[in-house]
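Report on the structure
In case you want the letters, here they are:
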Amino acid sequence: MTSTRTGAASLPLNQIVCGDSIEAMAALPAGSVDLVFADPPYNLQLKGELHRPDNSRVDAVDDDWDRFASFEAYDRFTRAWLAEARRVLKPDGALWVIGSYHNIFRVGASLQDLGFWILNDVIWRKTNPMPNFRGKRLTNAHETLIWAGRSESARPTFNYDALKQLNEGVQMRSDWVLPICAGGERLKDAAGDKAHPTQKPQSLLHRVLVGSTNVGDVVLDPFFGTGTTGAVAKMLGRDFIGIERDPAYVEIAERRLSRVRKLSNEALEVTTGKRAEPRVPFGQLVERGMLRPGEVLVNARGQQARVRVDGTLVSDSVKGSIHQVGAALDGAPSCNGWTYWTYTRDGQQVPIDALRQQIRAEMR
């Protein structure tokens, strides 16, 4: 289940590294990863067993990996793995980290201190949360995800239109209503018990990866657990790197991943909007001879402007870009020159945007 790619031969692509997350990340090249999805220990600070009203024991998170001697110890651990995560991210890379009220605020402060730039916090509201059995607090029905760029200047991938289509054509909000991992999706151990106490649902990772990565991107999960991130990444045509220190979880994740198949290239295509289209300067149409210097462009009212050799226009009263001249003729603060101007071919008026789309098709 291994693979390498030109320029990424030193990366353990589509593998699970069994070991300490901080040490394993330190062995990765700097600037080599597109996205980090992290589900770190929550430091739940449980003081004893938890029981239901019928006195049956709740299978809560009481593993050694979630135990820290103090908040200071947890903060040191958090800063150490976040620093390595930031180092391995590409300049425009991003981080998603998920947590509960026990840890997410401490994690948020640490990532800001290290130079990450928060883009959104997302509330995952669970449709089927575990009740508060002691009846002393509100039912904890959500977890928080933080989405952050590597730096303030980073421009992380954001597939806005794809997420909009996932939400029936409505802009995706920062509150996500999804069920917890249950039923057939919940992995079990040989005894029939939950294989991992905090296994995340595939629906959550599907939304994260569709929204913030592209096919072929490298996704790192430094707390891999039973491999939900890897399973969804493999299905969606992304490469993954998993780091997990518990050999039992590694074994379960490897079995799980062996059953996952990548979707077809056609199925992996997503909706893109105009903002995702490559930029085409108007001057490129002139350079390529698609429009000639001196050629006349016309607006809907019959007003004219001539193309100049540097890709600007000149009319009787103004000169400038296709946008500036259109705005001046209309007395408007702005104008989309691509849809404003037409040129003449075979006696017909054709929008200049048709030429831009021709170049974009070639670029694709």
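Computed from a prediction, not measured in an experiment: that's the story for all the values here. (Residues numbered from 1 in each chain as written. Predicted model: local features only at pLDDT ≥ 70, side-chain atom pairs only at ≥ 80, totals over all residues. Heavy atoms only, no water.)

1. What to know about helix H3 (residues 104-113)
- Those residues of H3 not exposed but buried are Ile 104, Val 107, Gly 108, Ser 110 and Leu 111. Projection of H3 onto a plane perpendicular to its axis shows the buried side chains occupying an angular sector of 165°, all on one side. Turned more than 90 degrees away from the buried face of H3 sit Phe 105 and Asp 113, all of them exposed.
- Looking at the packing, one finds that the buried side of H3 touches helix H2 (71-88), strand E3 (89-99), strand E4 (117-126) and strand E5 (142-149).
- Trailing H3 by a residue or two, Gly 115 shows a phi angle of about 105°, which is positive. (Buried < 20%, exposed > 50% of the residue type's maximum accessible area, 1.4 Å probe, protein only. Helix = DSSP H or I, 4+ residues; strand = E, 2+ residues; numbered from the N terminus. Arc of directions from axis to C-beta. Contact = heavy atoms within 4.5 Å.)

2. Looking at the nonpolar core
- Core analysis: the biggest nonpolar cluster contains 34 residues, and Trp 96, Leu 145, Trp 176, Leu 204, Val 208 and Leu 209 have the highest contact counts within it.
- Ranked by the residues each element gives to this core, the list is headed by helix H5 (residues 202-212), at five residues.
- Those residues in contact with Leu 209, other than ones at most four positions away along the chain, are Leu 35, Val 219, Thr 229, Val 232, Ala 233, Leu 236 and Arg 238.
- In terms of nonpolar packing, the next biggest core, distinct from the first, is built from 28 residues, Met 25, Val 88, Val 218 and Ile 241 among them. (Core = buried A, V, L, I, M, F, W, Y, C linked by side-chain atoms within 4.5 Å.)

3. What about the packing of aromatic side chains?
- Counted under the stated rule, the structure contains 10 aromatic pairs.
- Each member of the aromatic cluster is reached from another via a ring pair, and the members are Trp 96, Trp 147, Phe 158, Tyr 160 and Trp 176.
- Sitting over the face of the ring of Trp 176, Arg 207 holds its NZ or CZ atom 5.1 Å from the ring centroid. (Phe/Tyr/Trp six-rings, centres within 6.5 Å; stacked < 30°, edge-to-face > 60°. Lys NZ or Arg CZ within 6 Å of the ring centre and 35° of its normal.)

4. As for the pairing of strand E8 (residues 239-244)
- Where burial is concerned, most of E8 is hidden: six out of the six residues are buried.
- Across the two faces of E8 the burial is the same, with Asp 239, Ile 241 and Ile 243 and Phe 240, Gly 242 and Glu 244 all buried.
- Pairing geometry for strand E1 (residues 15-18) and E8, over four bridges, is parallel. Counted as the bridge partner of Ile 16 is Gly 242 from E8.
- Of the strand pairs in this sheet, strand E7 (residues 218-221) and E8 are connected by four bridges, and their pairing is parallel. Across the sheet, the residue bridging to Val 219 is Phe 240, located in E8. (Pairing = 2+ DSSP bridges.)

5. Some remarks on the domain arrangement of the protein chain
- Entries for the protein chain in the domain assignment read domain 1 (15-267) and domain 2 (282-363).
- Computed over C-alpha atoms only, the centres of domain 1 and domain 2 are separated by 49 Å. (Domains from an automatic or database assignment.)

6. Focus: the environment of Ala 354
- You can see Ala 354 is positioned in helix H12 (residues 353-363).
- For the pair Ala 354 and Trp 338, spaced 16 residues apart in sequence, the C-alpha to C-alpha distance is 8.8 Å.

7. A word on the sheet that holds E4
- Taking strand neighbours across the sheet as the criterion, the eight strands line up as E1-E8-E7-E2-E3-E5-E4-E6 in an open arrangement whose pairing is mixed. The sheet terminates laterally at E1 and strand E6 (175-178), the two strands that pair on one side only. Neighbour-to-neighbour, the strand axes of the sheet open up by a mean angle of 20°, direction not taken into account.
- Its contacts with the sheet place H3 against E3, E4 and E5, and it is angled at close to 165° to E3.
- Packing against the sheet, helix H6 (residues 228-235) makes contact with strand E2 (33-38), E7 and E8, and its axis sits at approximately 170° to E8. (Axes fitted to C-alpha atoms, helices over the stretch in contact; angles between N-to-C directions.)

8. Considerations on unusual backbone geometry
- One non-glycine residue with positive phi stands out, namely Asn 14, at about 55°.
- Looking at the element boundaries, Asn 14 is found in the segment before E1.
- Using a relative accessible area of 13% as the deciding quantity, one classes Asn 14 as buried.
- For Glu 168, which is not glycine, the phi torsion reads 60° and is therefore positive.

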